[in-house]
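Now for the letters of each chain:
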Amino acid sequence: MSKIWEWAVGILLGKEVEAMAVVYAALIVKGRKTLEQVPALLREQVKDILLDLEVED
């Protein structure tokens, strides 16, 4: 895989992970999910979002 392709995929996946963290944070705020139900890969990002929103986790 070329370096440019790896860079592009990294950016796209990074944005996808970030978007999913926002989705999980919204589900937690609505009471549909708990932080323990968030995949480990996203948990820290979700915690940060919840802190920014001043939501207890």
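Residues numbered from 1 in each chain as written. Predicted model: local features only at pLDDT ≥ 70, side-chain atom pairs only at ≥ 80, totals over all residues. Heavy atoms only, no water.

K.L.:
Explain the nonpolar core here, please?
P.N.:
What tends to happen in soluble globular proteins is that the nonpolar side chains get buried as a cluster. In terms of nonpolar packing, the biggest core is built from 9 residues, these being A21, Y24, A25, I28, L35, V38, L42, V46 and L50. Broken down by secondary-structure element, the contributors of at least two residues to this core are α1 (3-29) and α2 (40-52). With 4 residues, α1 is the single largest residue contributor to this core. Beyond its immediate sequence surroundings of up to four residues, I28 is in contact with K33, T34, L35, V38, V46 and L50. (Core = buried A, V, L, I, M, F, W, Y, C linked by side-chain atoms within 4.5 Å. Buried < 20%, exposed > 50% of the residue type's maximum accessible area, 1.4 Å probe, protein only. Helix = DSSP H or I, 4+ residues; strand = E, 2+ residues; numbered from the N terminus. Contact = heavy atoms within 4.5 Å.)

K.L.:
Where do I start with the environment of E56 in this structure?
P.N.:
Here E56 shows up in the segment after α2. Since its relative accessible area comes to 74%, E56 is described here as exposed. Note: C-alpha distance between E56 and V29 (27 residues apart in sequence) is 9.0 Å.

K.L.:
Looking at this structure, I do not really get α2. What am I missing?
P.N.:
One turn of an α-helix holds 3.6 residues; hence residues three or four places apart share an orientation. Under the 1.5 Å per step criterion, the end-to-end length of α2 is 19 Å for 13 residues, consistent within 8% with the ideal 18 Å. Within the span of α2, buried status applies to L42, V46 and L50. Taken from the residues just after α2, E54 is the one with a positive phi, measuring 60°. (Expected span 1.5 Å × (residues − 1).)

K.L.:
Could you clarify how one ought to interpret the pattern of salt bridges in this entry?
P.N.:
Two side chains that carry opposite charge are able to pair once their charged atoms sit near each other. Applying the stated criterion across every chain yields a total of 1 salt bridge. The shortest N-O distance in the salt bridge between K47 and E44 comes to 3.4 Å. Here K47 and its partner E44 are both found in helix α2, 3 residues apart, which amounts to about one turn of the helix. Since its relative accessible area comes to 29%, K47 is described here as partly exposed. (Salt bridge = Lys/Arg side-chain N within 4 Å of Asp/Glu carboxyl O.)

K.L.:
How do you make sense of unusual backbone geometry when you look at a structure like this?
P.N.:
Trans peptide bonds make up most of the peptide bonds, and negative phi angles are found at most residues other than glycine. Its identity is not glycine, yet E54 carries a phi of approximately 60°, on the positive side. With respect to the element layout, E54 can be found in the segment after α2.

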